Amino acid sequence: MYRIATPSATVMNAPRGQIVNRSALLKEVETDTAALVEFVNDMDDLVLQFDTTPTGHRFMEAWKRARIIVDVGGGYGVEKTVVPSPPQAPGN
């Protein structure tokens, strides 16, 4: 007697495979992120060498400002409408 293979076993095992795949990808992201953080820390140490001239001081300040992460709330959330503030009366 011949048995016809159904794709149900494949379909049933697909979520497990995706969980394993996602886990491996997340581990890779963690490793890559750690390497990038280490690289940026090395760059921070390198920037300290520019502390000898006024131009170097400006470069260091620009580097520090560029390293600040500002979360302005953008993304896939609900859009907020920005209401402009009314102009101030002259003399205030």
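Please refer to the structure placed before this passage.
Numbers given to residues run from 1 along each chain, matching the order in which its sequence is written. Local features in a predicted model are, by the rule used here, given only for residues with pLDDT of at least 70; side-chain atom pairs are given and counted only at 80 or more, and totals for whole chains, interfaces and linings are based on all residues. As a convention, hydrogens and water are excluded, and side-chain values are obtained from all of the structure's heavy atoms.

**Notes on the overall build of the chain**
For step 1, the next point in the chain: In this description a helix means any DSSP run of H or I spanning at least four residues, a strand means any run of E spanning at least two, and both kinds are numbered starting from the N terminus. Within the chain one finds two helices and zero strands.
For step 2, the next point in the chain: Each residue gets one of three labels from its accessible area relative to the maximum for its type: buried under 20%, exposed over 50%, partly exposed in between, using a 1.4 Å probe on protein chains only. Put simply, the chain has 92 residues, and 3% of those count as buried.
For step 3, the next point in the chain: Summed over all atoms, the accessible surface of the chain reaches about 9,300 Å², with 63% contributed by carbon and sulfur. Areas reported here follow the Shrake-Rupley algorithm with a probe of radius 1.4 Å; residue values treat only the protein chains shown as occluding.

**A short note on the pattern of salt bridges**
For step 1, the next point in the chain: Definition used for salt bridges: Asp or Glu carboxyl oxygen within 4 Å of a side-chain nitrogen of Lys or Arg. Inspection of every chain in the model, using the stated rule, returns three salt bridges.
For step 2, the next point in the chain: When the shortest N-O distance is used, the salt bridge between Glu 30 and Lys 27 registers 3.8 Å. Remark: Lys 27 and Glu 30 occur in helix H1 (residues 8–47); sequence separation between them is three residues, near one turn of the helix.
For step 3, the next point in the chain: Judged by relative accessible area, Glu 30 falls into the partly exposed class, the value being 49%.
For step 4, the next point in the chain: Residue Lys 64 is joined to Glu 61 by a salt bridge in which the shortest nitrogen-to-oxygen separation is 3.8 Å. Of the two residues, Lys 64 and Glu 61 are both situated in helix H2 (residues 54–66); the distance of three residues between them amounts to about one turn of the helix.
For step 5, the next point in the chain: For Lys 64, a relative accessible area of 47% translates into the label partly exposed.
For step 6, the next point in the chain: The class of Glu 61 is partly exposed, set by a relative accessible area of 39%.

**What about a nonpolar patch on the surface?**
For step 1, the next point in the chain: On the surface, Leu 46, Phe 50 and Phe 59 cluster together into a nonpolar patch covering about 270 Å² of accessible area.
For step 2, the next point in the chain: Inspection of the secondary structure puts Phe 50 in the loop between H1 and H2.
For step 3, the next point in the chain: Judged by relative accessible area, Phe 50 falls into the partly exposed class, the value being 41%. What goes into a patch is any residue over 30% in relative accessible area without a salt bridge, connected to like charges within 9 Å or, for nonpolar side chains (Val, Leu, Ile, Met, Phe, Trp, Tyr), within 5 Å.

**Remarks on the environment of Met 60**
For step 1, the next point in the chain: Along the chain, Met 60 turns up in helix H2.
For step 2, the next point in the chain: Here Met 60 falls in the buried class, since its relative accessible area comes to 9%.
For step 3, the next point in the chain: Along the sequence, Met 60 and Gln 49 sit eleven residues apart, while their C-alpha atoms lie 9.3 Å from each other.
For step 4, the next point in the chain: Not counting the four nearest positions on each side in its chain, Met 60 is found in contact with Val 47, Leu 48, Phe 50 and Asp 51. Every residue pair with non-hydrogen atoms within 4.5 Å of one another is taken to be in contact.

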